[in-house]
Amino acid sequence: KDPMAEYASKLDALERKIAGMIVRLETEIFRIESAIDDLPAREQRLIRLRYVDGLSWRKVGAAMNYDERHCKRVHRNALELLRG
């Protein structure tokens, strides 16, 4: 057996698997972005600050001029809207 041929075959299989995973992830990202786009502007901004930008609740509150508790209420409302 040719070890290089085996490695090349394994590499090809892994590349195909990764390509499939990328397509699935891109599809999921598109679905999530579409759902966020359907939210009211305030909820969109909060969700993007928290989950896309990765800000803490304190920083989200500062960016939106809300206290943390109000941010969490808006967040709860956004989640309810996303659940339908």
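Thresholds applied
Residues numbered from 1 in each chain as written. Predicted model: local features only at pLDDT ≥ 70, side-chain atom pairs only at ≥ 80, totals over all residues. Heavy atoms only, no water. Helix = DSSP H or I, 4+ residues; strand = E, 2+ residues; numbered from the N terminus. Rg over C-alpha atoms; globule rule 2.2 N^0.38 Å. Buried < 20%, exposed > 50% of the residue type's maximum accessible area, 1.4 Å probe, protein only. Expected span 1.5 Å × (residues − 1). Polar contact = N/O pair within 3.5 Å; in protein donor to acceptor, adjacent residues only side chain to side chain. Core = buried A, V, L, I, M, F, W, Y, C linked by side-chain atoms within 4.5 Å. Contact = heavy atoms within 4.5 Å.

Chemist: Just give me the short version of the overall build of the protein chain, but keep the residues and values in it.
Modeler: Of the regular secondary structure elements, the protein chain holds four helices and zero strands. Ordering the α and β elements of the protein chain from the N terminus gives α-α-α-α. For 84 residues, the compact-globule estimate of 2.2 N^0.38 gives 12 Å, and the C-alpha radius of gyration of the protein chain, at 20 Å, exceeds that figure by more than 25%. In terms of overall dimensions, the protein chain has a C-alpha envelope of 65 × 25 × 15 Å along the principal axes. Taken across its 84 residues, the protein chain has 18% of its residues classed as buried.

Chemist: Can you explain helix α1 (residues 3-37)? Please cite residues and give values.
Modeler: For α1, spanning 35 residues, the distance from its first C-alpha to its last is 50 Å, which sits close to the expected 51 Å at 1.5 Å a residue. Where α1 starts, the residue carrying a side-chain oxygen 3.2 Å from the main-chain nitrogen of M4 turns out to be D2.

Chemist: Tell me about the nonpolar core, residues and numbers included.
Modeler: Generally speaking, a soluble globular protein has its nonpolar side chains buried in company with each other. Counting residues in hydrophobic clusters, the biggest one holds eleven residues: I36, L39, L46, I47, L49, W57, V60, M64, C71, V74 and A78. Among the secondary structure elements, those contributing two or more residues to this core are α2 (41-52), α3 (57-64) and α4 (68-83). In this structure M64 touches R42, R45, L46 and L49, once residues within four positions along its chain are discounted.

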